[in-house]
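# Working through the structure, step by step
What follows is each chain in one-letter form.
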Amino acid sequence: MSSNAAVPQCPLRPGQACTPCLPGATGPQDCGAVYLVFSDPDLRAELHRRTIAGRENRRGVRV
Ligand code: SF4
């Protein structure tokens, strides 16, 4: 059986699939950690900064 279904990605761990790792979560859509991080402007900004830095690091760009 082949699966063409998209694998949900973890917004908190860029580049990694949602496992799901938190009790009660079935994916990013009902993950309490994702909700908390995206509800807080400072945490959301820090996640964005880390996502960009990680992406540039994987491409070999110095930040
Ligand atoms: S349950 Fe939440 S924190 Fe865990 S992998 Fe999925 S989205 Fe990420």
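My aim in this report is to walk through the structure given alongside it, one point at a time. (Residues numbered from 1 in each chain as written. Predicted model: local features only at pLDDT ≥ 70, side-chain atom pairs only at ≥ 80, totals over all residues. Heavy atoms only, no water.)

What follows deals with helix α2 (residues 41-59). Between its terminal C-alpha atoms α2 stretches 27 Å, which fits the 27 Å expected from 19 residues at 1.5 Å a residue. Among the structural elements, α1 (32-39) are those in contact with the buried residues of α2. One or two steps after α2, the chain reaches glycine 60, where phi turns positive at roughly 85 degrees. (Helix = DSSP H or I, 4+ residues; strand = E, 2+ residues; numbered from the N terminus. Expected span 1.5 Å × (residues − 1). Contact = heavy atoms within 4.5 Å.)

For the coordinates displayed, the defined rule picks out 2 salt bridges. Among the ionic pairs, arginine 49 bridges to glutamate 46, the shortest N-O distance being 2.8 Å. Here glutamate 46 and arginine 49 lie together in helix α2, a separation of 3 residues that amounts to about one turn. Relative accessible area serves as the criterion here: at 47%, arginine 49 is assigned to the partly exposed category. Measuring nitrogen to oxygen at the nearest pair gives 2.8 Å for the salt bridge that ties arginine 50 to glutamate 46. (Salt bridge = Lys/Arg side-chain N within 4 Å of Asp/Glu carboxyl O. Buried < 20%, exposed > 50% of the residue type's maximum accessible area, 1.4 Å probe, protein only.)

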